[in-house]
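# Structure at a glance
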Amino acid sequence: MNIPSNRLDLLFRAHQKEYEKKALEVLRSGCYILGPELAAFETELAAFLGGGECVGLACGLDSLRLAFRVLGIGRGDEVIVQGNTYIATVMGISMNDATPVFIEPDDRFAMTAREIERHITPKTKAILVTHLYGMMTPMDEITALCEKYGLKLVEDCAQALGASEKGKKAGTFGDVGCFSFYPTKNLGAFGDGGAVWVNNAALAAEFRVLRNYGCVDKYHNDVVGLNSRLDELQAGLLRVRLKYLAEYDAKKQAMASYYTEHIRNPLITLPRPHPGTHPVWHQYVIRCEKRDFLAEFLKEKGIGTAVHYPVPPYLSEAYAYLNLKKGAFPYSEQLADTVLSLPFYYGMTREEQDFVVLQMNRFH
Ligand SMILES: *Cc1c(COP(=O)(O)O)cnc(C)c1O
């Protein structure tokens, strides 16, 4: 059996006719940027998140980068972030000349209030929570910390659109929720895309100005902005996909439960969402001390896997200037050496999952 680590074509084919109809509609409309599809998508996404306002952007990185800019966080300011996140999370901070302050996550890949509080200094201006792999970070204590110390709260929900805690959606707990519509993400576009969620009309207006060269009124530019607009074609296609997101989520819940119930191997640690949270399973990430052997073993059987992520951001060349050496955050580094993402995609069959389970249980 040949099972790739991911497949996106099945997701397209599930509602192919609707995507094709929408694409033709947009192509024939003559309106391709900042039009009715984007406006409708922003309204529908905000409704999905339970209220507030959304602003569509060109990608997830821009949502993070603009979040800190709009919140006035820059040179000399510190932002606390987990050491096991994707490097784009950190770039959102450093592109504003602010300083990322890394902390260790817990054994469920998430930030904890206790570890955050130990790293708060007079320079700390914000906390950036990443709901990694679609697993929801418990937010009660973190939001309480933000209030106690007067800190801004930004959520990187690039992997977690639809995750929730006690019915409240990831991205709506703080000042800005950041989303990516990169094709592999929970709500994937057919290209790049991103968005922010805010609960404040004035902040939303600032994002709208910044995504369009700082343009306040045609040819009147107040600030130097970006070109970071979610185009009509992507917005239209995302509207189709958003309608089915709950259905995709339900399928993935069932698939995750199946792995969790059937993979039994003392060498393998399965992912455990925090109690009381609803994850969306962007990835199904296990840990294994012999990770590279396991990946090779599965590959020989025709099973593809991926590592999210093999290098902690602070050890990448891009952040050499931070002078954080190997050993700085041992647990984050241990995760980088042991995590493995199993094949996990919409349309994966029970037979395919059974085959993965069989081989996982055989590994020794
Ligand atoms: C994908 C991703 C991003 C960046 O999103 P892009 O749309 O690719 O720019 C940021 N943070 C995390 C955690 C991601 O997974």
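Residues numbered from 1 in each chain as written. Predicted model: local features only at pLDDT ≥ 70, side-chain atom pairs only at ≥ 80, totals over all residues. Heavy atoms only, no water.

## Some points on the sheet that holds strand β7 (residues 168–169)
Strands sit in the order β7-β6-β12 across an open sheet of three strands; the sheet is antiparallel. A strand with exactly one partner marks an edge of an open sheet, and here the two such strands are β7 and β12 (277–278). One ladder, built from two bridges, connects strand β6 (residues 164–165) with β7; its direction is antiparallel. Across the sheet, Glu165 pairs through a bridge with Lys168, a residue of β7. (Pairing = 2+ DSSP bridges. Helix = DSSP H or I, 4+ residues; strand = E, 2+ residues; numbered from the N terminus.)

## Structural notes on the site of the ligand
In the neighbourhood of the ligand, 14 residues make up the surrounding shell, with Gly60, Asp156, Gln159, Ser180 and Lys185 lying closest. Asp156 places a polar side-chain atom, nitrogen or oxygen, 2.7 Å from a nitrogen atom of the ligand. At a separation of 2.8 Å, an oxygen atom of the ligand approaches a polar side-chain atom of Gln159. Notes on the ligand: free accessible area 380 Å², of which the protein chains cover 91%. (Near = heavy atom within 4 Å. Polar contact = N/O pair within 3.5 Å; in protein donor to acceptor, adjacent residues only side chain to side chain. Areas by Shrake-Rupley, 256 points an atom, 1.4 Å probe, with all protein chains shown as cover.)

## A closer look at the sheet that holds strand β1 (residues 53–57)
An order of β1-β9-β8-β5-β4-β2-β3 is seen for the seven strands of this open sheet, with the pairing classed as mixed. Each of the sheet's edge strands pairs with one partner strand only, and the pair in question is β1 and β3 (99–103). Averaged over all pairs of adjacent strands, the angle between their axes in this sheet comes to 25°, without regard to strand direction. As paired strands, strand β2 (residues 78–82) and strand β4 (residues 124–130) are joined by four bridges and run parallel to one another. Bridging across to β4, Ile80 finds its partner in Ile127. Here helix α3 (residues 36–48) sits on the sheet and contacts β1 and β9 (194–198); the angle it forms with β1, its principal contact strand, is near 135°. (Axes fitted to C-alpha atoms, helices over the stretch in contact; angles between N-to-C directions. Contact = heavy atoms within 4.5 Å.)

## So, the environment of Gln359
Mapping Gln359 onto the fold places it in helix α13 (residues 350–362). In sequence terms Gln359 and Gly92 are 267 residues apart; their C-alpha atoms lie 39 Å from each other. Apart from the residues lying within four places of it in its own chain, the contact partners of Gln359 are Phe297, Leu298, Lys301 and Ile303.

## A word on the pairing of β9
Regular strands place side chains that alternate from one sheet face to the opposite one. Counting buried residues along β9, five of its five residues qualify, which places the element largely inside the surrounding structure. What you see with β9 is no split at all: Gly194, Val196 and Val198 on one side and Ala195 and Trp197 on the other are buried throughout. As paired strands, strand β8 (residues 176–180) and β9 are joined by four bridges and run antiparallel to one another. Each residue of the ladder has a partner; that of Cys178, found in β9, is Val196. (Buried < 20%, exposed > 50% of the residue type's maximum accessible area, 1.4 Å probe, protein only.)

## Re helix α8 (residues 201–210)
Looking only at α8, the buried set comprises Leu203, Ala204, Phe207, Val209 and Leu210. Where α8 is buried, its residues touch β1, α4 (60–70), β8, β9 and β10 (215–217). Measuring from the backbone nitrogen of Ala202 back to the side-chain oxygen at the start of α8 gives 2.9 Å, which picks out Asn200 as the cap.

## Remarks on unusual backbone geometry
With omega at 10°, the peptide bond leading from His308 into Tyr309 counts as cis. In this structure, Tyr309 sits in the loop between α11 (291–300) and α12 (330–338). Its identity as a non-glycine residue notwithstanding, Asp97 has a phi of 65°, on the positive side. Mapping Asp97 onto the fold places it in the loop between α5 (87–94) and β3.

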